[in-house]
Amino acid sequence: MDDIEPFIVLGIESSCDDTAAAVIKNDKILSNVTSTQTIHEAYGGVVPELASRAHQKSIIPVVDAALKKANISPRELSAIAYTRGPGLLGSLLVGSSFAKSMAQSLDIPALPIHHMKAHVLAHFIDDGSPAPPFPFLCLTVSGGHTQLLRVDATDSFHILGETIDDAAGEAFDKAAKMMGLPYPGGPEVDSLAEKGNPLSHTFTRPKVDGHNFSFSGLKTNILNYIEKNRRKDPDFVEKNIEDLCASVRYTIIEILMKELIEVANEQNLEHIALAGGVSANIGLRRALEEKAVELGWTTYIPRIEYCTDNGSMIAIAGYLALLSGEKGQINLAATARWKID
Ligand code: KG4
Ligand code: ZN
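Draft legend 1. Just the state of the cysteines, in detail. With the rule as written, the count across this model stands at zero disulfides. Cysteine C138 shares no disulfide, and the gap to the nearest cysteine sulfur, in C307, comes to 11 Å.

Shown next as structure tokens:
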């Protein structure tokens, strides 16, 4: 086996507000570099125009750092994988044009990668933990997406449920904003929730057809609840922040887990994975582990560094694409919308 040349892939991610690059040698990560844009904090959310400008500033230093950390020269690369979509078009254009130009100058394939597939494929990085066997069910929860996916192969994804409005990450971020917490609010709500009582405040659960999700009603419910209580006591949020965060997190997790359990039962799937930024949530990780013990599931939860946007997930998706014989496509344009199935 030793005489087979390994694939060395540079992965570039720029779909939202993280400029990220990683180098992978077959399925082992050699480097994983992320520059998170802090400029959006002042606006309480990602400003697309500022995001693409910040990507332009960071892309060269981030790629350079990833190659240096991996101790790999550009000439050693087998291919460059990049996020083609979905995401913010201006941001995608920075990473995709950079990746395509660099690949062309090195005369190697440029591999267009689907961002949400890559979140799932991060499970195939060899980090010592077992990869999920096919078929498996993946709850993919990020700032832009919330999907229940049946994964039959590294290139075969079927949506069994998805959000009809806001994504789970958005629900966390918007609730955080209402409580005056800084952007991105998801991690903030999560850590405050650890010290609160999840049953102290009750929020509504949505009624949605099939196994789809909805978070916009919850958002309105939280807003009305906060406003009503603030009229009685202007310091209501400050006095109850931990309990409020715990109750918001509890409700979001309940909404996610209900559909996950139903779909797993219906599809007879016992290998259950999490993916996407919200899979970093301590409460969600714990809830999944607890259900797994009760229902006999085997669970696959990514390492924290592979939950939120990163270059490694793009690099592993690129490696798997090379394995399946992909040759790359230089003429494919970045796209803000791109279906997964
Ligand atoms: O996957 P990701 O990095 O970017 C997108 O593809 O959207 O996900 C970002 C989302 C944000 O909404 C962020 O608040 C959320 O993931 N997030 C969390 C946690 N860490 C990140 N949400 C809840 N708890 C966390 N610990
Ligand atoms: Zn993402």
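This is not the end of the story, as more comes after the structure.
Draft legend 2. Quick peek at the coordination of the zinc ion (ligand 2). Coordination sphere of the zinc ion (ligand 2), protein contribution only: H115 (NE2), H119 (NE2) and D309 (OD), at 2.0 to 2.1 Å. Donor residues binding the zinc ion (ligand 2) come from one chain and are separated in sequence as H-x3-H-x189-D. With H115 and H119 both in helix 3 (residues 115-121), this residue pair falls four residues apart, about one helical turn.

Draft legend 3. Examining the domain arrangement of the chain more closely. Looking at the chain, the domain boundaries give domain 1 (8-125 + 306-323) and domain 2 (136-302). A C-alpha centroid distance of 27 Å is found between domain 1 and domain 2. Tallying the contact residues gives 18 residues for domain 1 and 22 residues for domain 2. Summing the contributions of domain 1 and of domain 2, the shared interface buries around 1600 Å²; its carbon and sulfur component is 77%. On the domain 1 side of the interface with domain 2, the three residues burying the most area are M116, H123 and C307, jointly 37% of the side's total.

The rules behind the values
Starting from 1, residues in each chain are numbered consecutively following that chain's sequence as written. By the order in which they are written, chains take letters starting at A while ligands take numbers starting at 1. For this predicted model, a pLDDT threshold of at least 70 governs which residues receive local features, and a threshold of 80 or more governs which side-chain atom pairs are given and counted, while totals over whole chains, interfaces and linings are taken from all residues. Water and hydrogen atoms were dropped before computing side-chain values, which therefore reflect all heavy atoms in the structure. Two cysteine sulfur atoms make up a disulfide if the distance between them is within 2.5 Å. A donor here means any N, O or S atom no more than 2.8 Å from the metal (3.2 Å for Na, K and Ca); water is not included, so a site may seem to lack partners. Strands here are runs of E lasting at least two residues and helices are runs of H or I lasting at least four, both read from the DSSP assignment and numbered beginning at the N terminus. Start and end points for every domain follow an automatic or database-based domain assignment. Here, two residues are considered to be in contact whenever any of their heavy atoms come within 4.5 Å of each other. By convention, the term buried area covers the 1.4 Å-probe accessible surface removed from two parts as they join, with the contributions of both added.

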